[in-house]
Amino acid sequence: MAITEKLKKIFMKEGKKINKCLFPAAGYGTRFLPATKAMPKEMLPILNKPLIQYGVEEALEAGITNMAIVTGRGKRAIEDHFDISYELESQIKGTDKESLLTDIRNVINRCVFTYTRQIEMKGLGHAVLTGKPLIGNEPFAVILADDLCHNEEKGILKQMVEIYEKYGVCVVAVQEVEREEVSKYGVIKGEKVDDNLYRVDFMVEKPSVEEAPSNLAVIGRYILIPEIFDILETLPPGKNGEIQLTDALLELAKQGKVLAYRFEGKRFDCGSVAGFVEATNFFFERMKS
Ligand code: G1P
């Protein structure tokens, strides 16, 4: 009996572990044209590191080693980045430049990368559903690489994984934004259940200022439970004719299965030129100090 109880406990614990992180990375990056005409927006660098590598490192810090990347046409540079470049490595071997590859080599050695392609761009919900074969029937994290998040002590995803391990339901990262900005985001309404934690009872994608239920905006970090796939499979298109992750989450929120976490740390909207420059300045100052 005692052994069964123990196994049950282990199962519960294992069943709750987040092993995989999904990166929707098929979008066109139109706000960054012409830079993103032939280059994935996820490969734009803040200093000398591409955005997606910041995301992968954040997932690694949260204890996740399986990176599931949803790519699309013209995104092969992402796969090449997380692979060895033998020619380059042999060229710089033994020179003082070799150390510049240490970080990325470390990432490659510690992670497993899986890829699938999104054939048509039908929204974030569709991108997440496209990643289902890479995830399977388990809870998982999602990082939108153009939302660059930073916390020196504990990364944003790690903070969220800890919340998931305690409550076992979906967790979305939220941040207070200016009222005029709400129409760029998914916006939540919730009841405060703990410090910085809300049980979501309503959420809406890109509402107008009048429609917005609050100024708590969803930022590109999620912990999702596999039930989300069942919902996404039958979900009709929402805002802008796209399959919206926010709409699928609303279904789970109605069952009390979504928490919103006001995270501690900085977030840069690197999908916009202003946010990108802000992030560049921030990381440059940090590097100098
Ligand atoms: C997506 C989501 C939105 C969320 C945002 C965070 O929108 O649909 O709910 O608030 O990411 O960056 P996008 O920025 O892809 O239009």
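Calculation criteria
Residues numbered from 1 in each chain as written. Predicted model: local features only at pLDDT ≥ 70, side-chain atom pairs only at ≥ 80, totals over all residues. Heavy atoms only, no water. Helix = DSSP H or I, 4+ residues; strand = E, 2+ residues; numbered from the N terminus. Rg over C-alpha atoms; globule rule 2.2 N^0.38 Å. Buried < 20%, exposed > 50% of the residue type's maximum accessible area, 1.4 Å probe, protein only. Contact = heavy atoms within 4.5 Å. Areas by Shrake-Rupley, 256 points an atom, 1.4 Å probe, with all protein chains shown as cover. Lys, Arg positive; Asp, Glu negative; His and termini not counted. Charge placed at Lys NZ, Arg CZ, Asp CG, Glu CD. Salt bridge = Lys/Arg side-chain N within 4 Å of Asp/Glu carboxyl O. Near = heavy atom within 4 Å. Polar contact = N/O pair within 3.5 Å; in protein donor to acceptor, adjacent residues only side chain to side chain. 1 Å grid on protein atoms, 1.4 Å probe; cavity = no way out; pocket = protein on both sides within 12 Å on 5 of 7 lines; lining within 4 Å. Sits in = over half its atoms within 2 Å of the grid points. Pairing = 2+ DSSP bridges. Core = buried A, V, L, I, M, F, W, Y, C linked by side-chain atoms within 4.5 Å. Axes fitted to C-alpha atoms, helices over the stretch in contact; angles between N-to-C directions. Parallel < 35°, antiparallel > 145°, perpendicular 65-115°, else oblique. Left-handed = near helix turned anticlockwise from the far one by under 90°. Nonpolar A, V, L, I, M, F, W, Y, C, P; charged D, E, K, R; others polar. Points joined across faces, edges and corners; volume = space filled by probe spheres on them. Arc of directions from axis to C-beta.

Trainee: Describe the overall build of the chain, with residues and values.
Mentor: Check the secondary structure of the chain and you find eleven helices and 13 strands. Whereas a compact globule of 289 residues would reach a radius of gyration of roughly 19 Å, the chain reaches 19 Å, a difference of no more than 12%. The principal-axis extent of the C-alpha atoms belonging to the chain is close to 60 × 55 × 40 Å. Here the chain holds 289 residues, and the buried ones make up 48% of them. Across the chain, every contact between residues at least 6 apart in sequence was considered, and the portion connecting residues at least 24 apart equals 76%. Here the chain displays about 14900 Å² of accessible surface, and carbon together with sulfur accounts for 52% of that area. When the 39 positive and 43 negative side-chain charges of the chain are each reduced to one mean point, those points stand 3 Å apart.

Trainee: Explain the pattern of salt bridges to me, using residue names and the numbers behind them.
Mentor: Scanning all chains against the criterion turns up 20 salt bridges. Arginine 31 is the salt-bridge partner of aspartate 269, the closest N and O atoms lying 3.9 Å from each other. Placement of aspartate 269 in strand β13 (residues 266-269) and of arginine 31 in the loop between β1 (20-24) and β2 (45-46) is noted, with a sequence separation of 238 residues between them. On the basis of relative accessibility, which here comes to 17%, the residue aspartate 269 falls in the buried class. Here arginine 31 falls in the exposed class, since its relative accessible area comes to 52%. Note that lysine 257 and glutamate 227 form a salt bridge whose closest N and O atoms lie 2.9 Å from each other. One end of the pair, lysine 257, is in the loop between α10 (245-254) and β12 (258-262); the other, glutamate 227, is in helix α9 (residues 227-234), with 30 residues separating them in the sequence.

Trainee: For the site of the ligand, give the residues involved together with the corresponding values.
Mentor: Around the ligand, the neighbouring residues are Leu124, Leu144, Asp147, Tyr185, Gly186, Glu205, Lys206, Val218, Gly220, Tyr222, Gln244 and Thr246. Here an oxygen atom of the ligand and a backbone polar atom of glycine 186 are 2.9 Å apart. Between the ligand and valine 218, the relevant distance is 2.6 Å, taken from an oxygen atom to a main-chain nitrogen or oxygen of the residue. For the ligand, the protein covers 75% of the area, taking 380 Å² as the surface of the free molecule. When each cavity is represented as a set of grid points, the ligand is found to reside in the largest pocket.

Trainee: Which residues make up the pairing of strand β11 (residues 216-224), and what are the values?
Mentor: In terms of residue burial, β11 counts as a mostly covered element, since nine of its nine residues are buried. Where strand β6 (residues 140-143) meets β11, four bridges bridge the pair, whose relative direction is antiparallel. Its bridge partner lying in β11, phenylalanine 140 is registered against leucine 224. Looking at chain direction, strand β8 (residues 170-176) and β11 are connected through six bridges and run antiparallel.

Trainee: An account of the nonpolar core is needed here, citing residue identities and associated values.
Mentor: Counting 82 residues, the largest nonpolar core has Met67, Leu157, Leu224, Ile228 and Leu249 as the members making the most contacts within it. Top element by residues in this core is β11. It accounts for seven residues. Beyond its immediate sequence surroundings of up to four residues, methionine 67 is in contact with Cys21, Phe23, Val56, Ala59, Leu60, Cys111, Val112, Phe113 and Thr114. If you look at the next biggest cluster of nonpolar residues, it comprises eleven residues, including Phe32, Phe268, Cys270 and Phe283.

Trainee: An account of the packing of α9 against α10 is requested, with residue identities and associated values reported.
Mentor: What describes two packed helices is the angle between their axes and the distance between those same axes. Where α9 meets α10, the closest approach of the two axes is 9 Å, and the angle between their N-to-C directions is 120 degrees. Comparing their axes, α10 and α9 come out oblique. For the crossing formed where α9 meets α10, the hand is right-handed. Together, Glu227, Ile228, Ile231 and Leu232 of α9 and Leu245, Ala248, Leu249, Glu251 and Leu252 of α10 make up the contact between the two elements. Each residue belonging to the contact of α9 with α10 can be placed in one class, and the counts come to seven nonpolar, no polar and two charged.

Trainee: Lay out the layout of surface pockets in plain terms, naming residues and giving numbers.
Mentor: Quantified by volume, the largest pocket comes out at close to 1100 Å³. Taken together, 38 residues line the largest pocket, and the ones lying closest to its centre are Arg31, Lys41, Leu144, Asp146 and Lys206. Breaking the lining of the largest pocket down by element, the ones donating at least two residues are α6 (124-130), β11 and β13. When residues in the lining of the largest pocket are grouped by element, the largest group, four residues, is from β11.

Trainee: Break down unusual backbone geometry for me, citing the residues and quoting the values.
Mentor: Proline 34 follows leucine 33 through a cis peptide bond whose omega is 5 degrees. Structurally, proline 34 is set in the loop between β1 and β2.

Trainee: Lay out α9 with the relevant residues and their values.
Mentor: Among the residues making up α9, those that are buried are Ile228, Phe229, Ile231 and Leu232. Down the axis, α9 shows its buried residues gathered within 165 degrees of arc, on one side only. Close packing links the buried residues of α9 with α6, α7 (132-135), β6, β11 and α10.

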